[in-house]
Amino acid sequence: MANVPKIGKAVYQGPSIVKEIIYGIALGLAAGGLWKMHHWNNQRRTREFYDLLDKGEISVVAADE
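Colleague: In this structure, what is going on with the overall build of the chain? I would like to understand it.
Modeller: Check the secondary structure of the chain and you find one helix and zero strands. Computed over its C-alpha atoms, the radius of gyration of the chain comes to 30 Å, more than 25% above the 11 Å expected for a compact globule of 65 residues. Referenced to the eigenvectors of the C-alpha coordinate spread, the extents of the chain come out at roughly 100 × 25 × 15 Å. The proportion of buried residues among the 65 residues of the chain is 0%. As displayed, the chain has an accessible area near 6,800 Å², and 62% of this comes from carbon and sulfur atoms. Side chains of the chain carry 8 positive and 7 negative charges; the gap between the two charge centres is 27 Å.

Given below as structure tokens:
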């Protein structure tokens, strides 16, 4: 037989702690950024509502017909 070297399989070495920490930080920052954008949007909409209410352009009282 010919002397053919065997191809080795990749050996699972377990989780990389540094990679796991980096992935966690990245996901946390992404989720936090999305949450802050949602919060800022709600604040903007509330501020616009009260500004229009103060100017008298809108009313929360139903108009009589």
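So that's the structure; there's more coming.
Colleague: It is not clear to me how a nonpolar patch on the surface should be interpreted in this structure. Could you clarify?
Modeller: The grouping of Phe49, Tyr50, Leu52, Ile58, Val60 and Val61 at the surface amounts to a nonpolar patch, some 540 Å² of accessible area in total. On the secondary structure map, Leu52 appears in helix H1 (residues 17-55).

Colleague: Teacher, can you tell me more about H1 here?
Modeller: It helps to recall that an α-helix has 3.6 residues per turn; residues three or four apart then point in one direction. End to end, H1 covers 57 Å across 39 residues, agreeing with the expected 57 Å (1.5 Å per residue, within 8%). At the C-terminal side of H1, Gly56 shows a positive phi close to 85 degrees.

Colleague: Would you explain the packing of aromatic side chains in this entry?
Modeller: Counting across every chain of the model gives one aromatic pair. A ring pair is formed by Phe49 and Tyr50, whose centres lie 5.2 Å apart and whose planes are at 75 degrees; its orientation type is edge-to-face. Judged by relative accessible area, Phe49 falls into the partly exposed class, the value being 34%. For Tyr50, a relative accessible area of 46% corresponds to the partly exposed category.

About the thresholds
Residues numbered from 1 in each chain as written. Predicted model: local features only at pLDDT ≥ 70, side-chain atom pairs only at ≥ 80, totals over all residues. Heavy atoms only, no water. Helix = DSSP H or I, 4+ residues; strand = E, 2+ residues; numbered from the N terminus. Rg over C-alpha atoms; globule rule 2.2 N^0.38 Å. Buried < 20%, exposed > 50% of the residue type's maximum accessible area, 1.4 Å probe, protein only. Areas by Shrake-Rupley, 256 points an atom, 1.4 Å probe, with all protein chains shown as cover. Lys, Arg positive; Asp, Glu negative; His and termini not counted. Charge placed at Lys NZ, Arg CZ, Asp CG, Glu CD. Patch = residues over 30% accessible without salt bridge, like charges linked within 9 Å, V, L, I, M, F, W, Y side chains within 5 Å. Salt bridge = Lys/Arg side-chain N within 4 Å of Asp/Glu carboxyl O. Expected span 1.5 Å × (residues − 1). Phe/Tyr/Trp six-rings, centres within 6.5 Å; stacked < 30°, edge-to-face > 60°.

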